[in-house]
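# Coordinates in review
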Amino acid sequence: MAKIEPGKNVLEVEELMQLLPHRYPIMLVDRLVDIRPGEGAVGIKNISYSDQIFQGHFPQKPVMPGVLIIEAMAQSAAAYVAYTEGLDVEGKVVLFMGVDKARFRKPVIPGDQLRIAVRTVQRRAPVWKFEGIATVDDKRVAEANYSAMLAQAV
């Protein structure tokens, strides 16, 4: 596995897979951009009709489930923290601890590009609290506050 170059402002999916244990079909971040250590980053998820979830949600009127938007927020935050803090993620997973103030404002559909701005609100290792705001075409589609912890994989 190649080491990710420090100080990059953009991480591609191959680099994200070095930071996250997720793989298709649950890998919900295609790229991490605008990485600002100590501030935040933006996760990108390109929504496609060929995404497996749309086989059942809903084939006639595909809509990305809100819970998967929250998962994309969590993955974006996990990759951001692992990268900017240089965490050793080998054999570890990031586990949700709570979700607060989740709001869904507009459906996300195939063809949309989900931009997920994440920022760290509080850090007391091994627990982090984050704020996530998801937009499509500069319009807010979802937001949430959430907490997660880094734990040994079982």
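Residues numbered from 1 in each chain as written. Predicted model: local features only at pLDDT ≥ 70, side-chain atom pairs only at ≥ 80, totals over all residues. Heavy atoms only, no water.

### Thoughts on empty space enclosed by the protein
Scanning all chains against the criterion turns up two cavities of 30 Å³ or more. What the largest cavity holds in volume is close to 100 Å³. Taken together, 14 residues form the lining of the largest cavity, with Ala78, Val81, Val94, Trp128 and Phe130 sitting closest to its centre. Mapped by element, the contributors of at least two residues to the lining of the largest cavity are helix H2 (66–84), strand S6 (127–136) and strand S7 (139–152). Take the lining of the largest cavity: its biggest share by element is five residues, from H2. The class makeup of the residues in the lining of the largest cavity is 14 nonpolar, no polar and no charged. Here the second largest cavity defines a volume of roughly 40 Å³. Around the second largest cavity, the lining residues are Leu19, Leu20, Pro21, Ala78, Val89, Lys92, Val93, Val94 and Leu150. (1 Å grid on protein atoms, 1.4 Å probe; cavity = no way out; pocket = protein on both sides within 12 Å on 5 of 7 lines; lining within 4 Å. Points joined across faces, edges and corners; volume = space filled by probe spheres on them. Helix = DSSP H or I, 4+ residues; strand = E, 2+ residues; numbered from the N terminus. Nonpolar A, V, L, I, M, F, W, Y, C, P; charged D, E, K, R; others polar.)

### Regarding the environment of glutamate 14
Take glutamate 14: it is sitting in helix H1 (residues 13–19). On the basis of relative accessibility, which here comes to 51%, the residue glutamate 14 falls in the exposed class. Considering only alpha carbons, one finds glutamate 14 and lysine 92, 78 residues apart in sequence, at a separation of 18 Å. (Buried < 20%, exposed > 50% of the residue type's maximum accessible area, 1.4 Å probe, protein only.)

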